[in-house]
Amino acid sequence: QVQLVESGGGLVQPGGSLRLSCAASGSIFNIRDMRWYRQAPGKQRELVAAIAGAGSTNYAESVKGRFTVSRDNAKNTVYLQMSSLKPEDTAVYLCNVRWGSFLTYGAWGQGTQVTVSS
């Protein structure tokens, strides 16, 4: 069994910052990538940021320069540091982790709400 638990969401004013965490527990090995998605009502689910097993990162154009994804291998935790937040960033943020060698496994967190509003 593997579980992902997200934390750090909440209400923040435009221009503010939040740091999301996603801690994975269970039998995870050979992590392929760790990703953050977001979904707002009426919108497509969007890949926000990803960090590969070797450490390379990718970001959606809408968040480049404002968001930073990182990880702590010892804790099996991925972070999303969000700065200069905009109302358009309001969404449920979900983390996803894929792992395995011969077979690929995956898990999703339950999501954490981020609301950017004045």
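Below is a short write-up of the structure. (Residues numbered from 1 in each chain as written. Predicted model: local features only at pLDDT ≥ 70, side-chain atom pairs only at ≥ 80, totals over all residues. Heavy atoms only, no water.)

### Things to note about a nonpolar patch on the surface
Next, step 1: Nonpolar side chains collect at one region of the surface, where Phe-29, Phe-102, Leu-103 and Tyr-105 lie side by side and expose about 480 Å² of accessible area between them.
Next, step 2: Relative to the helices and strands, Phe-102 resides in the loop between β9 (91–99) and β10 (105–108). (Patch = residues over 30% accessible without salt bridge, like charges linked within 9 Å, V, L, I, M, F, W, Y side chains within 5 Å. Areas by Shrake-Rupley, 256 points an atom, 1.4 Å probe, with all protein chains shown as cover. Salt bridge = Lys/Arg side-chain N within 4 Å of Asp/Glu carboxyl O. Helix = DSSP H or I, 4+ residues; strand = E, 2+ residues; numbered from the N terminus.)

### Some thoughts on the nonpolar core
Next, step 1: Counting residues in each nonpolar core, the largest one holds 29 residues, and the members touching the most others are Trp-36, Val-48, Phe-67, Leu-80, Met-82 and Tyr-93.
Next, step 2: Elements represented by at least two residues in this core include exactly β3 (18–26), β4 (31–39), β5 (46–52), β7 (67–72), β8 (77–82), β9 and β11 (112–116).
Next, step 3: If you tally residues by element for this core, the top one is β9, at 5 residues.
Next, step 4: Those residues in contact with Phe-67 that lie beyond four places of it in its chain are Arg-38, Val-48, Tyr-59, Leu-80, Gln-81, Met-82, Ser-83, Leu-85, Asp-89 and Tyr-93. (Core = buried A, V, L, I, M, F, W, Y, C linked by side-chain atoms within 4.5 Å. Buried < 20%, exposed > 50% of the residue type's maximum accessible area, 1.4 Å probe, protein only. Contact = heavy atoms within 4.5 Å.)

### Considerations on the environment of Met-82
Next, step 1: Position of Met-82 among the secondary structure elements: in strand β8.
Next, step 2: Residue Met-82 is classed as buried on the basis of its relative accessible area, which comes to 0%.
Next, step 3: Met-82 sits 13 residues away from Val-69 along the chain, and the two C-alpha atoms are 8.8 Å apart.
Next, step 4: The contacts of Met-82, once residues within four sequence positions are left out, are Gly-16, Ser-17, Leu-18, Leu-20, Arg-66, Phe-67, Tyr-93 and Val-114.

### Side note on the packing of aromatic side chains
Next, step 1: A full pass over the atoms with the stated rule returns 3 aromatic pairs.
Next, step 2: With 5.9 Å between their ring centres and 20° between their planes, Trp-99 and Tyr-105 make a pair best called stacked.
Next, step 3: For Trp-99, a relative accessible area of 5% puts it in the buried group.
Next, step 4: The partly exposed category is assigned to Tyr-105, whose relative accessible area is 40%.
Next, step 5: Taken together, the ring pairs in this structure connect Phe-29, Trp-99 and Tyr-105 into an aromatic cluster.
Next, step 6: The ring of Tyr-79 has Arg-19 lying over it, and the distance from NZ or CZ to the ring centre is 4.0 Å.
Next, step 7: In this arrangement the basic side chain of Arg-45 is found over the ring face of Tyr-37, its NZ or CZ atom lying 5.0 Å from the centre. (Phe/Tyr/Trp six-rings, centres within 6.5 Å; stacked < 30°, edge-to-face > 60°. Lys NZ or Arg CZ within 6 Å of the ring centre and 35° of its normal.)

### Things to note about the sheet that holds β8
Next, step 1: Read across the open sheet, the 4 strands follow the order β1-β3-β8-β7; overall the sheet is antiparallel. Unpaired on one side and paired on the other, β1 (2–7) and β7 mark the two borders of the sheet. Averaged over neighbouring strand pairs, the angle between their axes works out to 15° when direction is ignored. (Pairing = 2+ DSSP bridges. Axes fitted to C-alpha atoms, helices over the stretch in contact; angles between N-to-C directions.)

### Looking at unusual backbone geometry
Next, step 1: Non-glycine residue Asn-76 carries a positive phi angle of around 50°.
Next, step 2: At Ser-84, a residue that is not glycine, the phi angle is positive and equals roughly 50°.

### Here's the deal with the pairing of β11
Next, step 1: Burial along β11 is one-sided: Thr-112, Val-114 and Val-116 are buried, while Gln-113 and Thr-115, pointing the other way, are not.
Next, step 2: Examined bridge by bridge, strand β2 (residues 10–12) and β11 share 3 bridges and lie parallel to one another. Bridge assignment links Val-12 to a residue of β11, and that residue is Val-116.
Next, step 3: Two strands pair when backbone bridges link them, and β9 and β11 are joined in this way by 3 bridges, in the antiparallel orientation. When the bridges of β11 are listed, Ala-91 appears paired with Val-114.

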